[in-house]
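Single-letter residue listing:
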Amino acid sequence: MNKAGTDKVTTLDFARRKKAGEPIVMITAYDALFASLADSAGVDSILVGDSLQTVLAGEETTLGATVDQMIYHGRIVQRGTERALVVVDMPFLSYQVSPTDAVRNGGRILKETGAGAVKLEGGAAVAPAVEALVTAGVPVMGHLGYTPQSVHRMGAGRVRDRGQGAFEKLIRELKALENAGVFAIVLALMPAVIARRLTEAASVPTIGIGSGPRCDGQVLMLHEMLGLGGHAPLHVKRYAELGDEVLAAVASYAEEVRQGKFPGPEHVQKV
Ligand code: KIV
């Protein structure tokens with residue numbers, strides 16, 4: 001039991017959810033405030049994505065994220081979370097060089113953030129790193145389809161893995177990850193029919209993003225679904241338009257200060 005008196009979500013719950021056919025709800029967060037709001041809203045899992053590099057830092061790609069940065073954001077997200085399983089992205093070059101490196105970096109992330117798992121991108125090529133992490137006691141979530149850390153090889157985000165041979169290639173990658181011990185796999189930006197077939201063939205839960213409704217769960221980027229930031233891709237449903245609200249609120253504040261309307265008498269301390 002946690003402080004809120006509810007059971008903490010674990011990687012084992014992910015497996016149980018797949019078996020029971022209960023959808024898994026995941027969302028990104030990068031700080032304690034938004035993590036706490038998402039957790040209170042009842043999501044099952046919070047992903048500290050390396051997308052923070054584009055969403056928060058205004059970079060073009062996720063490639064510049066560092067282990068120290070992910071640890072800082074992982075720690076503050078974990079601090080704001082009572083129930084959801086926190087998963088922290090392993091950044092570019094923190095697991096690709098060698099399984100030893102992967103264990104050192106993934107171990108640090110788990111140890112220094114208090115999160116429950118890490119996520120890394122790729123299939124068979126990263127299976128040795130996944131196996132080493134899992135053996136060392138670090139739960140790993142896989143990530144197939146559009147993998148932003150390979151942006152210079154794959155191009156920018158769009159639905160891929162279409163056509164003949166796409167399913168066969170992806171199922172080989174998925175089975176390599178399963179055999180290496182992942183507890184779940186993100187399926188990113190792939191045709192819905194392929195994601196459905198992969199989900200049916202997978203023994204671990206799949207979490208879709210831009211991959212249709214027939215995955216075992218869904219993940220969205222919080223800022224995109226809240227309407228914060230610019231244009232959102234097709235797969236994103238805007239559940240709010242907070243960007244417009246922030247703009248209007250700050251513009252009103254600026255105008256009222258310039259017109260001498262703020263602070264008004266009700267905002268002034270009486271002696
Ligand atoms: O970094 C991220 O936010 C992600 C999601 C898009 C799945 O990997």
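Residues numbered from 1 in each chain as written. Predicted model: local features only at pLDDT ≥ 70, side-chain atom pairs only at ≥ 80, totals over all residues. Heavy atoms only, no water.

> Lay out the site of the ligand in plain terms, naming residues and giving numbers.
Taken together, Thr28, Leu47, Gly49, Asp50, Ser51, Asp89, Lys119, His143, Ile209 and Met221 are the residues near the ligand. In this structure, Ser51 approaches the ligand through a side-chain N or O atom, which is 2.5 Å from an oxygen atom. At 3.1 Å, a side-chain N or O of Asp89 approaches an oxygen atom of the ligand. For the ligand, whose accessible area on its own is 260 Å², the fraction buried by protein is 93%. A per-class count over the shell around the ligand returns 3 nonpolar, 4 polar and 3 charged. (Near = heavy atom within 4 Å. Polar contact = N/O pair within 3.5 Å; in protein donor to acceptor, adjacent residues only side chain to side chain. Areas by Shrake-Rupley, 256 points an atom, 1.4 Å probe, with all protein chains shown as cover. Nonpolar A, V, L, I, M, F, W, Y, C, P; charged D, E, K, R; others polar.)

> Can you explain the pairing of strand 2 (residues 45–48)? Please cite residues and give values.
The alternating pattern of strand 2 places Ser45 and Leu47 and Ile46 and Val48 on opposite faces, both of which are buried. By the bridge criterion, 3 bridges tie strand 1 (residues 24–28) to strand 2 in an arrangement that is parallel. Bridge assignment links Met26 to a residue of strand 2, and that residue is Ser45. Pairing of strand 2 with strand 3 (residues 85–89), which is carried by 4 bridges, proceeds in the parallel orientation. Within strand 3, the residue paired with Ile46 across the bridge is Val86. (Buried < 20%, exposed > 50% of the residue type's maximum accessible area, 1.4 Å probe, protein only. Helix = DSSP H or I, 4+ residues; strand = E, 2+ residues; numbered from the N terminus. Pairing = 2+ DSSP bridges.)

> An account of the packing of helix 8 (residues 166–180) against helix 9 (residues 192–201) is needed here, citing residue identities and associated values.
Running from amino to carboxyl end, helix 8 crosses helix 9 at an angle of 35 degrees, the nearest separation of the two axes being 10 Å. The two elements helix 8 and helix 9 cross, and the hand of that crossing is right-handed. Contact residues: Ala166, Phe167, Leu170, Ile171, Leu174, Lys175 and Glu178 in helix 8; Ile194, Arg197, Leu198 and Ala201 in helix 9. (Axes fitted to C-alpha atoms, helices over the stretch in contact; angles between N-to-C directions. Left-handed = near helix turned anticlockwise from the far one by under 90°. Contact = heavy atoms within 4.5 Å.)

> Pulling in residues and values, what's your account of the domain arrangement of the chain?
In terms of domain boundaries, the chain breaks down into domain 1 (11–240) and domain 2 (242–271). Look at where the C-alpha atoms of domain 1 and domain 2 centre, and you get two points 40 Å apart. (Domains from an automatic or database assignment.)

> Talk me through the nonpolar core; I want residue IDs and the actual numbers.
Grouped together as the largest cluster of nonpolar side chains are 59 residues, with contacts concentrated most on Ile46, Leu120, Val130, Ile185, Leu187 and Leu198. Here this core takes 8 residues from helix 8, the largest share from any one element. Among residues more than four places away in sequence, those in contact with Ile185 are Gly142, His143, Leu144, Leu174, Leu177, Val204, Pro205, Thr206 and Ile207. Core analysis: the second largest hydrophobic core is formed by 20 residues, Met26, Val151, Leu189 and Val219 among them. (Core = buried A, V, L, I, M, F, W, Y, C linked by side-chain atoms within 4.5 Å.)

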